[in-house]
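Descriptive structure summary
Letter by letter, the chains look like this.
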Amino acid sequence: MSALPANPPDEGRVALLERLGSRSVVFVGLMGAGKTAIGRKVAAMLSLPFIDSDQEIESVSRMTVPELFERYGELEFRALEQRVILRLLENGPQVLSTGGGAFMNAQTREAIAGHGVSVWLKADLDLLMERVSKKQNRPLLKNPDPRGVLEKLMDERYPVYATADITVATRDDRKEVIAGEVVCALCAYLGIDAIATSNEVEQ
Ligand SMILES: Nc1ncnc2c1ncn2[C@@H]1O[C@H](COP(=O)(O)OP(=O)(O)OP(=O)(O)O)[C@@H](O)[C@H]1O
Ligand SMILES: O=C(O)C1=C[C@@H](O)[C@@H](O)[C@H](O)C1
Ligand SMILES: [Mg+2]
């Protein structure tokens, strides 16, 4: 009886998951970089659970992020964000997309280093502006000069995001393509031959 042909994508995925162990794949980066959108795709490609810290904060507080900022202020939001992420990091393996400011917190960064592999989705200013202009749900950008705010955040945050384990430059391309590049970067980081990624993951 002849053996069934091996399934390379699945073999690669299994190898990646073995190397990942109980760690989470943690997306960091600025607002609009695609942490939520690409994180969800990567989770689907790897058959891992997906969780987004902003969505979890909204679910536990029963308030939206803008409402939390308005009612309790940014400092309280940051404290809640830290608590939520530290708790979520106990649940790996999974894909965890964080809010744009989360990685600026030293304790959060330390917890991510201990329980995850961090992926910085790096985007240029024009791309970020185009994406964030479509939704008014980012309190830090409720400002007469959102582009100036984003530029200042890039100056402050990019040196810190750059300490992530992996950097993936994102651009105006299909989400599946960017997600595939993240999986390739994860493979390289974990010392696995690149795995074939399908661009036909369900939308
Ligand atoms: N590669 C892509 N192609 C097309 N649209 C994209 C791509 N990546 C992200 N987007 C879109 O850009 C917008 C912003 O992406 P997303 O919400 O994932 O960013 P984020 O990094 O999670 O931002 P935040 O820090 O505010 O949560 C969304 O509407 C998303 O669907
Ligand atoms: O970059 C930031 O500081 C933020 C990004 C969003 O994901 C939200 O967490 C919130 O709007 C703050
Ligand atoms: Mg997000």
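Note that this is a predicted model, so its numbers are computed, not measured.

Calculation criteria
- Residues numbered from 1 in each chain as written.
- Chains lettered and ligands numbered in written order.
- Predicted model: local features only at pLDDT ≥ 70, side-chain atom pairs only at ≥ 80, totals over all residues.
- UniProt positions renumbered as here; feature names shortened; annotations may be inferred.
- Helix = DSSP H or I, 4+ residues; strand = E, 2+ residues; numbered from the N terminus.
- Buried ≥ 20, exposed ≤ 12 C-beta atoms within 10 Å, placed from the backbone.
- Core = buried A, V, L, I, M, F, W, Y, C linked by C-beta atoms within 7 Å.
- Contact = placed C-beta atoms within 7 Å.
- Near = placed C-beta within 6 Å.
- Nonpolar A, V, L, I, M, F, W, Y, C, P; charged D, E, K, R; others polar.
- Pairing = 2+ DSSP bridges.
- Axes fitted to C-alpha atoms, helices over the stretch in contact; angles between N-to-C directions.
- pLDDT = per-residue confidence, 0-100.

Structural notes on the UniProt feature "binding site: ATP" (unreviewed entry) in the chain
Using the residue numbers shown here, the UniProt feature "binding site: ATP" (unreviewed entry) corresponds to Gly32, Ala33, Gly34, Lys35, Thr36, Ala37 and Arg138. Inspection of the secondary structure puts threonine 36 in helix α2 (residues 35-46). Position of alanine 37 among the secondary structure elements: in helix α2. According to the C-beta neighbour criterion, alanine 37 is partly exposed, with 18 such atoms within 10 Å.

Concerning the nonpolar core
If you look at the biggest cluster of nonpolar residues, it comprises 44 residues, and the most contacted ones within it are Val26, Val28, Val42, Val119, Leu121, Val182 and Val183. Apart from the residues lying within four places of it in its own chain, the contact partners of leucine 121 are Phe27, Gly29, Ala33, Gly34, Lys35, Ile38, Val168 and Thr170.

Some remarks on the site of ligand 2
Lining the immediate surroundings of ligand 2 are Met31, Asp54, Val65, Gly99, Gly100, Gly101, Arg138, Pro139 and Leu140. Partitioning the shell around ligand 2 into residue classes produces four nonpolar, three polar and two charged.

As for the sheet that holds strand β1 (residues 24-28)
One open sheet holds the five strands; their spatial order is β2-β3-β1-β4-β5, and the pairing between them is parallel. Looking along the sheet, the strands with just one partner apiece sit at the ends: β2 (50-52) and β5 (166-169). Here the average twist between neighbouring strands, direction ignored, is 25°. In this sheet, strand β3 (residues 95-97) lies alongside β2 in parallel orientation, the contact comprising three bridges.

Points about the confidence of the model for the chain
For the chain, per-residue confidence averages 92 on the pLDDT scale, and residues scoring 70 or more make up 92% of the total. In the model, residues 1-8 has pLDDT below 50 throughout and makes two contacts with residues more than four positions away in sequence or in other chains. Overall fold confidence (pTM) sits at 0.93, and the ipTM for the predicted complex is 0.97.

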